[in-house]
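Residues per chain, in single letters:
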Amino acid sequence: MRSFEQELAQLERAQLRRRRLTVEAFTAPAQRVGLRIEGRELTDFSSNDYLGLAREPALARAMAECAARAGAGSAASHLVSGHGREHAQLEEALAEFTGRERALLFGSGYAANLAVMSSLAGRGERALLDKLSHASLIDGARLSGAQLQRYRHADAAAARQVLGAAGAPVAVLATDGVFSMDGDLAPLPALAQAAAARGARLIVDDAHGLGVIGPTGRGSLEHFGLDAHAVPVLVGTLGKAFGSYGAFVAGEAALVEFLLQKARSYIYTTALPQPVAAASRVALELVRREGWRRERVRALTARFRARALAAGVPLMDSATPIQPVVLGSAAAVLAVQARLQAAGYLVVAIRPPTVPQGRARLRIALSAAHEEAQVDALVDALAAALAATAAHPQVLA
Ligand SMILES: Cc1ncc(COP(=O)(O)O)c(C=O)c1O
């Protein structure tokens, strides 16, 4: 048996050992993207706070008011005595927002994806996933006992081919709406057609789409004009564009009731604290009312792309606030991260196994809370860091 020390040393040698950064304080509160880490003030370009809601005072106020009434913790699971009014009201608001009969709250997107995958597929069936699907969808598929098959990334023809191949029936086809590390969109209309033709349920995890994509922020489905019939199972998270925490599954009433009865990651866990649900409800209201946040993050994304491309930064084909710069090797991304950090920017290097081998990258994420000048300065710093790193080819892949 290998020791922990040996395992850790191997990660270290491959430059794959991860280190947490402790945020010591939030600085420049008016901008909401300032952090202090190890005594240094940095502008954060790594969060999923696309609409700048995580430090919105209205969310914190809702949390504090609810905590004064309901306490900090739910003290039990939803099916025992932990389900409260704030949960119920948030579920109703989420169902209404997504245009579905019901929504079911979960403690996290990870738990929601475990629930849908493990409850909607089982032994003797197949579960089909995009090659770059989020880890929680993959883990849920493994837990289901179904045979897991993956198709080439964002390739509906490849999905159709696997669906039509001989074998057990395909119970579910699951995909991210917006891919978390690439920022591109799944070809949802073609996937919906392919799934429907073979009687497979389509599950879309729109963790990075809801709130941001589509004219009114209703996500990838709104972008493509797809209804609940085309995508019967929708997963959303509340810890990204909504600036809060938790997640939900939205769909027809019978689906939600089935998950409530069967999904182990719903049943056997303490209910999300009500103050968190209260903050999410305020966030949902702001997502609805303050379309300027979406417009702003889109404009900043366009500005970043135009300037970065002009500066020769190798971007991927992403129209969302997720803008990866793929450099290949772990050494290269770590070197550029360090240079950016020294220049005052937090852009965390994303390495395997989060992304495939040889596809290590900087994942730059724009937020409505950024200033134009910060975006411009990041591009300058990035171009300089890439040029300086390229001068040391031993770190490039
Ligand atoms: C596509 C996707 N799905 C699900 C999750 C998990 O959501 P949560 O952070 O709420 O557990 C994430 C990221 O964390 C994600 O990127």
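Residues numbered from 1 in each chain as written. Predicted model: local features only at pLDDT ≥ 70, side-chain atom pairs only at ≥ 80, totals over all residues. Heavy atoms only, no water.

Peer 1: In this structure, what is going on with the site of the ligand? I would like to understand it.
Peer 2: In the vicinity of the ligand, 13 residues are found, and the nearest of them are Gly 109, Tyr 110, Asp 205, His 208 and Lys 240. Within the backbone of Tyr 110, one N or O atom sits 2.9 Å away from an oxygen atom of the ligand. His 208 is positioned with one of its side-chain polar atoms (N or O) 2.6 Å from an oxygen atom of the ligand. Taken by itself the ligand offers 380 Å² of open surface, and the protein chains cover 82% of this. A breakdown of the residues in the shell around the ligand according to their chemical character gives 2 nonpolar, 8 polar and 3 charged. (Near = heavy atom within 4 Å. Polar contact = N/O pair within 3.5 Å; in protein donor to acceptor, adjacent residues only side chain to side chain. Areas by Shrake-Rupley, 256 points an atom, 1.4 Å probe, with all protein chains shown as cover. Nonpolar A, V, L, I, M, F, W, Y, C, P; charged D, E, K, R; others polar.)

Peer 1: Is there a simple way to explain the pattern of salt bridges in this structure?
Peer 2: For side chains of opposite charge, pairing can occur when their charged atoms come near one another. With the rule as written, the count across this model stands at 19 salt bridges. A salt bridge links Glu 12 to Arg 19; its shortest N-O distance comes to 3.1 Å. Taking the relative accessible area as the measure of exposure, Arg 19 reaches 56% and is therefore exposed. With a closest N to O distance of 3.8 Å, Glu 285 and Arg 288 form a salt bridge. Residue Glu 285 and its partner Arg 288 are located together in helix 12 (residues 274-289), separated by 3 residues, close to a single helical turn. Take Glu 285: its relative accessible area is 34%, and that puts it in the partly exposed class. Three or more residues are tied together by salt bridges with common partners; here these are Arg 32, Glu 56, Glu 290 and Arg 293. (Salt bridge = Lys/Arg side-chain N within 4 Å of Asp/Glu carboxyl O. Buried < 20%, exposed > 50% of the residue type's maximum accessible area, 1.4 Å probe, protein only. Helix = DSSP H or I, 4+ residues; strand = E, 2+ residues; numbered from the N terminus.)

Peer 1: Sorry, what's going on with the nonpolar core here?
Peer 2: Note that soluble globular proteins tend to have their nonpolar side chains buried in a common cluster. Phe 304, Leu 340, Ile 364 and Leu 382 are the most contacted members of the largest nonpolar core, which totals 56 residues. It is helix 15 (residues 372-390) that contributes the most residues to this core, 7 residues altogether. The two domains that each donate at least three residues to this core are domain 1 (14-44 + 291-395) and domain 2 (57-289). Not counting residues within four places of it along the chain, the set of residues in contact with Ile 364 comprises Phe 45, Phe 304, Pro 321, Ile 322, Gln 323, Val 325, Val 347, Leu 378 and Leu 382. The next biggest cluster of nonpolar side chains, apart from the first, holds 30 residues, and it includes Ala 146, Val 235, Val 249 and Tyr 266. (Core = buried A, V, L, I, M, F, W, Y, C linked by side-chain atoms within 4.5 Å. Domains from an automatic or database assignment. Contact = heavy atoms within 4.5 Å.)

Peer 1: What exactly am I supposed to notice about the sheet that holds strand 9 (residues 233-237) here?
Peer 2: Within a sheet, neighbouring strands are paired by backbone hydrogen bonds and run either parallel or antiparallel to one another. Taken in spatial order, the 7 strands of this open sheet run 4-10-9-8-7-5-6, and their pairing is mixed. Both edges of this open sheet fall to strand 4 (102-106) and strand 6 (147-151), since each of them pairs with a single strand only. Each adjacent strand pair in this sheet contributes to an overall mean axis angle of 20 degrees, direction not counted. As paired strands, strand 5 (residues 126-130) and strand 6 are joined by 5 bridges and run parallel to one another. Counted as the bridge partner of Leu 129 is Arg 150 from strand 6. (Pairing = 2+ DSSP bridges. Axes fitted to C-alpha atoms, helices over the stretch in contact; angles between N-to-C directions.)

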